[in-house]
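One letter stands for each residue in the lines below.
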Amino acid sequence: MKITSIIILLFLSFFILGCENSNNKNPNELVYASTKDIRDINPHLYRGEMAAQNMVFEPLIIDTKDGIKPWLAKSWEIKDDGKSYIFNLKENVSFSDGTKFDANIVKKNFDAILKNRVRHAWLELVNEIKSTEVIDQYTFKINLKNPYYPTLTELAMTRPFRFISPKCFKNGGTKEGVACYKGTGPWILEEHEKNNFALFQRNKNYWNKIPKIETIKWRVIPNHQSILLALQKNEIDLIFGSDGDMINLNAFSAIEKKNNLKTLLSNPIASRAILLNTNKPIIKDLKIREALSYAVNKEAIVKGILNNSETVAKTLFSKTTPYCNIDLKTKEFNPNKSKEILKNLGWELKEDKIRYKKDMPLRLKLYYNANNAQEKTISEYIQSNFKDIGVDLKIIGEEKQSFLDRQQSGDFDLQYGLSWGIPYDPQSFISSWRRPAHGDYQAQVGLKRKNWLDKTVKSILIEPNEEKRKELYTQIFTYINDQNVYIPLSYSRTKVVFNPRVKGVTFNISQYEIPFEKMYFENIK
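Residues numbered from 1 in each chain as written. Predicted model: local features only at pLDDT ≥ 70, side-chain atom pairs only at ≥ 80, totals over all residues. Heavy atoms only, no water.

Colleague: Explain the overall build of the chain to me, please; I cannot follow it from the model alone.
Modeller: What the chain contains, in helices and strands, is 16 helices and 26 strands. Here the C-alpha atoms of the chain give a radius of gyration of 24 Å, agreeing with the 24 Å that 2.2 N^0.38 yields for 525 residues. Seen along its three principal axes, the alpha-carbon backbone of the chain occupies a region of about 75 × 65 × 40 Å. Counting over 525 residues, the chain shows a buried share of 56%. Look at the contacts in the chain between residues 6 or more apart in sequence, and 70% of them connect residues 24 or more apart. Surface exposure of the chain reaches about 22,700 Å², of which carbon and sulfur atoms provide 47%. (Helix = DSSP H or I, 4+ residues; strand = E, 2+ residues; numbered from the N terminus. Rg over C-alpha atoms; globule rule 2.2 N^0.38 Å. Buried < 20%, exposed > 50% of the residue type's maximum accessible area, 1.4 Å probe, protein only. Contact = heavy atoms within 4.5 Å. Areas by Shrake-Rupley, 256 points an atom, 1.4 Å probe, with all protein chains shown as cover.)

Colleague: Any chance you could explain helix H3 (residues 103-114) here in plain terms?
Modeller: What sets the pattern is the α-helix's 3.6 residues per turn: residues three or four places apart point alike. The end-to-end C-alpha distance of H3 is 16 Å, a good match for the 16 Å that 12 residues give at a rise of 1.5 Å each. Capping the start of H3, Asp-102 holds a side-chain oxygen 3.1 Å from the backbone nitrogen of Asn-104, two or three residues further along. (Expected span 1.5 Å × (residues − 1). Polar contact = N/O pair within 3.5 Å; in protein donor to acceptor, adjacent residues only side chain to side chain.)

Colleague: What is the right way to read the pattern of salt bridges from this model?
Modeller: A side chain of one charge can pair with a side chain of the opposite charge if their charged atoms are brought near each other. If you walk through the whole model with that rule in mind, you get 28 salt bridges. A salt bridge links Asp-111 to Lys-107; its shortest N-O distance comes to 3.4 Å. Here Asp-111 and its partner Lys-107 are both found in helix H3, 4 residues apart, which amounts to about one turn of the helix. Residue classification places Asp-111 among the partly exposed positions, given a relative accessible area of 29%. For Lys-107, a relative accessible area of 24% puts it in the partly exposed group. One salt-bridge network, held together by shared partners, links Glu-124, Glu-128, Arg-434, Arg-435 and Lys-458. (Salt bridge = Lys/Arg side-chain N within 4 Å of Asp/Glu carboxyl O.)

Colleague: Would you mind showing me how to read the environment of Lys-470 here?
Modeller: Along the chain, Lys-470 turns up in helix H16 (residues 466-482). Its relative accessible area of 38% is what places Lys-470 among the partly exposed residues.

Colleague: What's the story with the layout of surface pockets in this structure? I'm lost.
Modeller: Over the atoms, a rolling probe the size of a water molecule traces out where space has been left empty. A volume near 1,200 Å³ is recorded for the second largest pocket. Asp-63, Phe-507, Asn-508, Ile-509 and Lys-518 are, among the 50 residues lining the second largest pocket, the residues nearest its centre. The set of elements that each furnish at least two residues to the lining of the second largest pocket consists of helix H2 (50-56), strand E2 (61-64) and strand E15 (270-276). Take the lining of the second largest pocket: its biggest share by element is 3 residues, from E2. Each residue belonging to the lining of the second largest pocket can be placed in one class, and the counts come to 24 nonpolar, 15 polar and 11 charged. (1 Å grid on protein atoms, 1.4 Å probe; cavity = no way out; pocket = protein on both sides within 12 Å on 5 of 7 lines; lining within 4 Å. Points joined across faces, edges and corners; volume = space filled by probe spheres on them. Nonpolar A, V, L, I, M, F, W, Y, C, P; charged D, E, K, R; others polar.)

Colleague: Would you mind showing me how to read empty space enclosed by the protein here?
Modeller: If you walk through the whole model with that rule in mind, you get 2 cavities of 30 Å³ or more. Here the largest cavity is characterised by a volume of approximately 210 Å³. Along the walls of the largest cavity sit 20 residues, with Thr-315, Leu-316, Leu-328, Asn-481 and Pro-488 positioned nearest its centre. Those elements that place two or more of their residues in the lining of the largest cavity are H16 and strand E23 (486-492). Residue composition of the lining of the largest cavity, by class: 11 nonpolar, 5 polar and 4 charged. Its volume calculated, the second largest cavity comes out at about 30 Å³. Around the second largest cavity, the lining residues are Val-296, Lys-298, Glu-299, Val-312, Lys-314, Lys-331, Glu-332 and Phe-333. Grouping the amino acids of the lining of the second largest cavity by side-chain chemistry returns 3 nonpolar, no polar and 5 charged.

Colleague: So what exactly am I meant to see when it comes to the state of the cysteines here?
Modeller: Two cysteines whose sulfur atoms are joined by a covalent bond form what is called a disulfide. Enumeration according to the criterion identifies 1 disulfide in this entry. The disulfide partner of Cys-168 is Cys-180, and the S-S distance across this bridge is 1.9 Å. One quick way to see it: the torsion about the S-S bond of Cys-168 and Cys-180 is about -100°, and its sign makes the bridge left-handed. Here Cys-168, found in the loop between helix H5 (151-155) and strand E8 (169-170), pairs with Cys-180, found in the loop between strand E9 (173-178) and strand E10 (187-193); they are 12 residues apart in sequence, far enough to count as distant. (Disulfide = S-S within 2.5 Å.)

Quick look at the structure:
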């Protein structure tokens, strides 16, 4: 039996036997555990944890399972053939520092965001905004260059179109940082000790329904085994996320079978895939990328590694993703076909079980996030799949920042990737394909029709005709699929483990948000 399995069983035995709460904490305080510190939660930048930003800062509108709904704006109108959006703001909203929320404040925040257009260029709405206007105290207008169809969806996202009190601005803006974190949201950040904890107090003057829970303590716990131990000791109430470094999947599956803790799984939200770099010497060959696609046993990964907690991905996006219900050619697991393709290309298998062509070995490198045990295990399995067809795959785990730097540089053969999920998929995710800082751009840069692809993405985003838009989406997704730029693996799901005394646990549309404001403790008012 593996050591990790023994540890899991030991933890679960504690759950069964029961244990006393070692904390004398506030009974109306929810303790949430994360492997990540909240960092800088400036809503106009990308350094902080999105779940923490969402607690404090709010948008004009929100995205729900039932579509776009009013929030800080009570209504809106779309005019000028989709090139003007007029928002009628709520009049009873204030920031936690007492500053009144109105159209002038909205414009100041938009101006601050637009002063940093280059940083936000991945979000096409930023590039499409021509100007903004204050019509009156509670009416705000956005003027666009083109009729951009995802406008409302992108205004509702966790960042950057959230509102912070101008009293927090530095040098008249936010791009150089902020002096404080004062929002209109249901929570106020009271205390933050870097890499240890953050304490959020409910906003007693909140304009909407005030949360029932008094405080949220965001504890930073470095690894999933420590998180399990904290669960066992009743030191934490909740873990929430799709990352493999939040909780070991074997432990999650074991916990599901016990009654001491509650678990939830979201619907499939995002796509796990391996990026194949079309600009690298060996895999710039389309047929080699095809051979690699047939070599990966996705069913075994989902069943044996992910414990059937996710579903097999046959295409980059699930057919339930908007504009993705398309019939595309799929690559089922077929190692014999992989071997046939490679042999026909002149890659001969030698005694060391590696294929060679003119004395050059078929050797590739796959990079993954070293902090994510799940990515490591999947990478090891793919390494085994490739070995079976004569490909020598080196797998390399890197610290998160090095991993991200490699995405930007394009210095990889293969790299572990994850789409952003609804509401970012597909429109915002494909928009990022045009930005060199993203791994998807680097993986695609060797494609013969890369310029056409980027131009077509742009055309999709400003195409007002729904049927024409569907046609363009079909064209780009068919092209990317046929070019074997991605090896889709599975459609990921958000996992939640929580103490049974916590009620109201649910999901938002975005996997990056945690609806703490909907949670409460039984028998505590």
